[in-house]
Amino acid sequence: MDLLLRIVGIITPVLVVSAFGYGYGRLRQPDMTWINRLLTDLLFPSLIFSAMASKDFHILEYTPLLLGSVAMILGSGGIAWLVARWLNYNPHAFVPSMMFSNVANMGLPLTLFAFGPDLLPAAVSMFMIFSLIHFTIGIRLCAPNADTKGILRSPMLWAMILGILMSLGGFILPAWLSSSLRLLGDAAIPLGLFALGVGFSTFRITNWSAGLVGAILCPVSGLLVAWPLVHFLPLTPAMRGLLILYAALPPAVMNYIFAERYHQDPGLVSAIVVGVNIASLFFIPVALSFAL
């Protein structure tokens, strides 16, 4: 009973803030372009850099966790490719949706509520590796002829690079700058959840069968890949829990944005994103029960 109450306490704030965003989106239909740009250009980069440049962050400590993240991404993608061939789905739309989960808007808040701020740097490291692969290999999977040079202009990429250099070099930010960046980064988590809810309010689903397939396959494939990894890799108990939790996360909305931008069956991707997010109400508590 104590574990159940703890899981409910972890998930409830995420659902409530997202629900407020969904309700506001249905009521006002706001233009979220500048909010999403603010998140990707300033708030999330500030969160990444402030976490990675802190004196307690040592990126080499997270090497096994990063290796597990890469294996989980590639393993889920391999399973999804086989299923896409079997069900005759467009692999350029289906496979990335199974590989790249919502590690930012949902993963970081859940990490904070489930494990506390001490594990947030580890979660940021996973966010870093998911983002790097998504914005390079992921774009090419979605659109093989796409130009990925734009990633070099991404503030998130440079926040990652500078944060890694700070960590490896043992440099520490002045207290006033560290506090300022942390204050900006702290705003990313609630605003990201709210933006996620607003984004869902605009989706129109026409392919519910694909949504059902994705709702089952995405968390199951992630957990099937992650389960042996947590026993094979030299991870701390908290890191094992984090890998299990991230295996059950639903797809990132960015998958839909890429599918729409590159004309790769956005209707299929929207059904998957919505279907898996609904299913996550079951799978995330299950993952948390193993992770905690």
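Anything mentioned here points back to the structure above.
Residues numbered from 1 in each chain as written. Predicted model: local features only at pLDDT ≥ 70, side-chain atom pairs only at ≥ 80, totals over all residues. Heavy atoms only, no water.

Give a detailed account of the pattern of salt bridges, specifying residues and quantitative values.
Within this structure, the stated rule accounts for 1 salt bridge. Among the salt bridges present, the one from Arg-37 reaches Asp-41, with a minimum N-O distance of 3.8 Å. Taken together, the residues span about one helical turn, with Arg-37 and Asp-41 both in helix H2 (residues 33-52) at a distance of 4 residues. The partly exposed category is assigned to Asp-41, whose relative accessible area is 36%. (Salt bridge = Lys/Arg side-chain N within 4 Å of Asp/Glu carboxyl O. Helix = DSSP H or I, 4+ residues; strand = E, 2+ residues; numbered from the N terminus. Buried < 20%, exposed > 50% of the residue type's maximum accessible area, 1.4 Å probe, protein only.)

Could you give an account of the nonpolar core, with specific residues and numbers?
In terms of nonpolar packing, the biggest core is built from 94 residues, with Phe-44, Met-72, Phe-94, Leu-108 and Tyr-246 touching the most fellow members. Contacts of Phe-44, omitting those with residues within four sequence positions, involve Leu-39, Ala-104, Asn-105, Leu-108, Phe-127, Met-156 and Ala-188. With 5 residues, the next largest nonpolar core counts Ile-139, Cys-142, Ala-146 and Phe-258 among its residues. (Core = buried A, V, L, I, M, F, W, Y, C linked by side-chain atoms within 4.5 Å. Contact = heavy atoms within 4.5 Å.)

Talk me through the packing of helix H6 (residues 120-142) against helix H11 (residues 237-247); I want residue IDs and the actual numbers.
The interhelical angle for the contact between H6 and H11, taken along N-to-C directions, is 45°, at an axis separation of 11 Å. In terms of their interaxial angle, H6 and H11 are classed as oblique. Note that H6 runs across H11; the crossing there is right-handed. Packed against H6, whose contacting residues are Ala-122, Ala-123 and Met-126, the element H11 presents Leu-242, Leu-243 and Tyr-246 at the interface. By residue class, the composition of the contact of H6 with H11 is 6 nonpolar, no polar and no charged. (Axes fitted to C-alpha atoms, helices over the stretch in contact; angles between N-to-C directions. Parallel < 35°, antiparallel > 145°, perpendicular 65-115°, else oblique. Left-handed = near helix turned anticlockwise from the far one by under 90°. Nonpolar A, V, L, I, M, F, W, Y, C, P; charged D, E, K, R; others polar.)

Describe the layout of surface pockets, with residues and values.
Of the voids in this model, the largest pocket is the one considered here, and its volume is about 1,400 Å³. Taken together, 47 residues make up the lining of the largest pocket; nearest its centre are Asn-36, Thr-40, Phe-135, Met-254 and Ile-257. Contributing elements (two or more residues each) for the lining of the largest pocket: H2, helix H5 (103-115), H6, helix H7 (155-169), helix H9 (188-200) and helix H12 (254-261). Top element by residues in the lining of the largest pocket is H2. It accounts for 7 residues. Its residues assigned to classes, the lining of the largest pocket comprises 25 nonpolar, 16 polar and 6 charged. (1 Å grid on protein atoms, 1.4 Å probe; cavity = no way out; pocket = protein on both sides within 12 Å on 5 of 7 lines; lining within 4 Å. Points joined across faces, edges and corners; volume = space filled by probe spheres on them.)

The quantities given are spatial measurements derived from coordinates; they are silent on function.
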